[in-house]
Amino acid sequence: MSHLITAESISKVFQSGAIETKALDNISFNLNNGESLAITGASGSGKSTLLSIIGLLDSPTSGALYLQGQLVSGLSNYQKRILRNREIGWIFQNFNLIGHLDVLENITLPLRYDPRVSWRDYENIGKQALTSVGLADKATALPQQLSGGQQQRVAIARALVNKPSLILADEPTGNLDSKTSTNIIDLLFTVVAQGATLLLVTHEPDLALRCDSEIILNDGLVSDAKPPITV
Ligand SMILES: Nc1ncnc2c1ncn2[C@@H]1O[C@H](COP(=O)(O)OP(=O)(O)OP(=O)(O)O)[C@@H](O)[C@H]1O
Ligand SMILES: [Mg+2]
């Protein structure tokens, strides 16, 4: 199995005025294609910061990140954008849906940046994704007309619509009731069973246990890892 992600001594320091925050301190791990990794730890421990760096929305202050064996710091902004749009599906805690676009338009947004997909196919692919999350009848609804659980399912359909090899989920069920959470998590693990790789930030121990491995952060440091990290 090949490594999809290799993180070598990644550190991130935020500087605001005279105040420095070391959000990540020498984080190293590998993740194989098709595996799932839970990232847990208290609020402020660096989980979202780590996800942002792996998802190419932010850069580390020091250390090296490799995606699919490529050193990310050696890529141009254009190459990073292509990787982000084609290979990575993001699920944010607060959904991040666009309020003035209807559900189908929200879902097909990632396809607009993918030259491999013809605009003629947007609608069909979007409707299939919507059906897979059980919302086939909501294509023309606006996000604010949906419940929290329905909005999160739209966000998941959007994250999965371009069949990403890497799914980054930041507390995807944080705002949902337990039945809806279970459905959404089952859906994510179905996609992992089909070959995708998952990084899942969660506060829920049961969810972390469903992943192949777990990293526990404490003030930016890996305080524990299951199984132990060998890099
Ligand atoms: N853009 C930023 N500027 C300055 N400090 C930041 C920034 N983003 C995060 N931090 C700080 O970095 C640390 C880690 O934040 P992060 O958002 O990664 O935590 P988290 O583990 O995701 O927390 P939560 O569980 O509450 O979402 C915190 O101390 C936070 O205040
Ligand atoms: Mg966070």
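Residues numbered from 1 in each chain as written. Chains lettered and ligands numbered in written order. Predicted model: local features only at pLDDT ≥ 70, side-chain atom pairs only at ≥ 80, totals over all residues. Heavy atoms only, no water.

A. Region of interest: the sheet that holds strand β8 (residues 197-201). Spatial ordering of the open sheet is given by β6-β7-β8-β3-β9-β10, a layout of six strands whose pairing is mixed. If you trace the sheet from one side to the other, it starts and ends with β6 (88-91) and β10 (221-226), each paired once. Within the sheet, the average angular offset between the axes of one strand and its neighbour, ignoring direction, is 15°. When strand β3 (residues 36-41) meets strand β9 (residues 213-218), the two strands line up parallel, connected through five bridges. Paired with G41 across the strands is L217, a residue of β9. In the packing of helix α1 (residues 47-54) onto the sheet, the strands contacted are β3, β6, β7 (166-170), β8 and β9, and the crossing angle to β7 comes to about 155°. Along the sheet, helix α5 (residues 148-160) makes contact with β6 and β7, crossing β6 at roughly 170°. (Pairing = 2+ DSSP bridges. Helix = DSSP H or I, 4+ residues; strand = E, 2+ residues; numbered from the N terminus. Axes fitted to C-alpha atoms, helices over the stretch in contact; angles between N-to-C directions. Contact = heavy atoms within 4.5 Å.)

B. Summary view of empty space enclosed by the protein. Enumeration according to the criterion identifies one cavity of 30 Å³ or more in this entry. Of the volumes computed, that of the largest cavity is approximately 50 Å³. Forming the boundary of the largest cavity are L4, L67, Q68, L83, E87, I88, S165 and L166. Of the residues belonging to the lining of the largest cavity, the class tally is five nonpolar, two polar and one charged. (1 Å grid on protein atoms, 1.4 Å probe; cavity = no way out; pocket = protein on both sides within 12 Å on 5 of 7 lines; lining within 4 Å. Points joined across faces, edges and corners; volume = space filled by probe spheres on them. Nonpolar A, V, L, I, M, F, W, Y, C, P; charged D, E, K, R; others polar.)

C. Representation of unusual backbone geometry in the model. A cis amide bond links K226 to the next residue, P227, at an omega of -10°. Among the structural elements, P227 can be located in the segment after β10. One non-glycine residue, N26, lies in positive phi territory at about 55°.

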